[in-house]
Amino acid sequence: MQHVSVMPVETLEALQLQSGFSVVDATAGMGGHSRLLSTAVGPSGHVYACDTDPESLRMAEANCAGSPGPISFLHTPFSRLRMTLNANNVGLVDALMADFGTSMMHFQTGERGFSLMHDGPLDMRLDRTGNSPTAADLVNSLSEKELADLIYTTGERRSRAIARALVRARPVVTMKQFASTILAAVPRTGKLHPATLACLSLRIATNHEYLEIDALISQLSSLVRPGGRVAFITFHSGEDLIAKTGSRRLAKEGIAKLINKHVLVPTPEEVRRNPASRSAKMRVLEML
Ligand SMILES: C[S@@+](CC[C@H](N)C(=O)[O-])C[C@H]1O[C@@H](n2cnc3c(N)ncnc32)[C@H](O)[C@@H]1O
């Protein structure tokens, strides 16, 4: 399965890696960036490839076979990153990157319940090892108002009508049922499936994505040494707002400085080659 890593050149430039550096890839995904980082830090360096999804980590490990240097694959959400690194005797590292969101594997595996294009259980959990609530659990247990508020978090203006339809259709257990219930309740306008934003809202809530990004930013001074670089890649305005607010907070507190005044974006050539990169935005920090 292919996941084309976004902004590879910009990532390496931003992190200013040198041979022998230790670097955390907080979102190993399918291992594309981890492999790239390993090439940059070489056999004397070390990459800590982390992900909250153990299934992604297994693929990352297979895809990184034969990388030039050592890579440790660690199962951890952002919120437990410092604890996980402690447990593996890893101190401050020289650089860290995070490429937020989900990978192609999540969208192409119907059984994970992330994609409107593939039927499967309405799951959407990045980490299926625990008993945390699935997307279906949220749809079937929240009050209609709570569900409407949740759906509104991505700016879906028809959130009330969508929540009402979903509550009437309960129990909603598959992606097909979720998508067809919304399609029947609100008119299709433009190319986007009318359930697209509701689907994103549900994914963000199921995985506490904004809280997790904020937890990562709050730990940065205990993860990366002074002078070390950090790069974040976001894919939608909600994610970018959390990354922007958190980065500015660190700058205001004198914990990090912002390297790029404006976000970096992929080149037109990259967007042509990999349309999935079109919404990517990169923010870069240097720890003080
Ligand atoms: C866009 S993909 C990364 C792709 C990767 N850079 C590559 O080149 O293959 C994002 C990854 O972040 C992981 N992720 C999302 N939220 C996370 C969290 N809170 N903690 C750790 N990993 C997370 C997802 O499981 C997914 O594998």
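Residues numbered from 1 in each chain as written. Predicted model: local features only at pLDDT ≥ 70, side-chain atom pairs only at ≥ 80, totals over all residues.

Quick look at the overall build of the chain
Part 1 of the argument: Along its length, the chain carries 13 helices and seven strands.
Part 2 of the argument: Its C-alpha radius of gyration of 19 Å places the chain within 12% of the 19 Å reference for a compact globule of 288 residues.
Part 3 of the argument: Counting only C-alpha atoms, the chain reaches 60 × 40 × 40 Å along its principal axes.
Part 4 of the argument: Restricting the contact set of the chain to residue pairs at least 6 apart, pairs at least 24 apart contribute 69%. (Helix = DSSP H or I, 4+ residues; strand = E, 2+ residues; numbered from the N terminus. Rg over C-alpha atoms; globule rule 2.2 N^0.38 Å. Contact = placed C-beta atoms within 7 Å.)

Details of the nonpolar core
Part 1 of the argument: Formed by 52 residues in total, the largest nonpolar core has its most connected members in V23, A26, L96, V230 and A231.
Part 2 of the argument: It is strand 5 (residues 224-234) that contributes the most residues to this core, five residues altogether.
Part 3 of the argument: Discounting chain neighbours no more than four positions away, the residues touching A231 are T11, A14, L15, M97, M282 and V284. (Core = buried A, V, L, I, M, F, W, Y, C linked by C-beta atoms within 7 Å. Buried ≥ 20, exposed ≤ 12 C-beta atoms within 10 Å, placed from the backbone.)

Section: the environment of N89
Part 1 of the argument: Relative to the assigned elements, N89 resides in the loop between helix 4 (81-87) and strand 4 (93-99).
Part 2 of the argument: Residue class for N89 comes out exposed when judged on the 6 C-beta atoms lying within 10 Å of it.
Part 3 of the argument: Between the C-alpha atom of N89 and that of L223, which follows or precedes it by 134 residues, the distance is 12 Å.

Observations concerning the pairing of strand 4
Part 1 of the argument: Counting buried residues along strand 4, six of its seven residues qualify, which places the element largely inside the surrounding structure.
Part 2 of the argument: Pairing between strand 1 (residues 22-25) and strand 4: three bridges, direction parallel. Following the sheet pairing, V24 is matched in strand 4 by L96.
Part 3 of the argument: Two strands pair when backbone bridges link them, and strand 4 and strand 5 are joined in this way by six bridges, in the parallel orientation. Bridge assignment links L96 to a residue of strand 5, and that residue is V230. (Pairing = 2+ DSSP bridges.)

As for unusual backbone geometry
Part 1 of the argument: Here the amide bond leading from R170 into P171 is cis, since omega sits at 0°, within 30 degrees of zero.
Part 2 of the argument: By the secondary structure assignment, P171 is in the loop between helix 8 (159-169) and helix 9 (175-185).
Part 3 of the argument: Not every positive phi belongs to a glycine, and N89 is a case in point at roughly 55°.
Part 4 of the argument: Although it is not a glycine, H208 adopts a positive phi angle of roughly 45°.
Part 5 of the argument: Within the secondary structure, H208 sits in the loop between helix 10 (196-206) and helix 11 (209-219).

Comments concerning the site of the ligand
Part 1 of the argument: Around the ligand sit 20 residues in total, of which S5, T27, G29, G32 and E212 are the nearest.
Part 2 of the argument: Taken together, the residues that form the shell around the ligand break down as four nonpolar, 12 polar and four charged. (Near = placed C-beta within 6 Å. Nonpolar A, V, L, I, M, F, W, Y, C, P; charged D, E, K, R; others polar.)

Description of the domain arrangement of the chain
Part 1 of the argument: Here the chain is partitioned into domain 1 (8-105 + 209-287) and domain 2 (128-206).
Part 2 of the argument: At the junction of the two partners, domain 1 supplies four residues and domain 2 supplies four residues. (Domains from an automatic or database assignment.)

Structural notes on the packing of helix 8 against helix 9
Part 1 of the argument: Interaxial distance between helix 8 and helix 9 falls to 9 Å at its minimum, and their mutual angle equals 125°. The orientation of helix 8 with respect to helix 9, classified from their angle, is oblique. Note on packing geometry: the crossing formed by helix 8 with helix 9 is right-handed. Contacts from A161, I162, A165, L166 and A169 in helix 8 reach Q177, T181, I182, A184 and A185 in helix 9.
Part 2 of the argument: Within the contact of helix 8 with helix 9, the residues separate by chemical class into eight nonpolar, two polar and no charged. (Axes fitted to C-alpha atoms, helices over the stretch in contact; angles between N-to-C directions. Parallel < 35°, antiparallel > 145°, perpendicular 65-115°, else oblique. Left-handed = near helix turned anticlockwise from the far one by under 90°.)

Here we look at helix 2 (residues 32-41)
Part 1 of the argument: Judged by how many residues are buried, helix 2 sits mostly within the fold: nine of 10 residues are covered.
Part 2 of the argument: Taken together, the buried positions of helix 2 are G32, H33, S34, R35, L36, L37, S38, A40 and V41.
Part 3 of the argument: Residues of helix 2 that are buried in the fold lie against helix 1 (8-15), strand 1, strand 2 (46-51), helix 3 (54-63), strand 3 (71-75) and strand 4.
Part 4 of the argument: Two residues or fewer past helix 2, G42 is found with a positive phi of approximately 70°.

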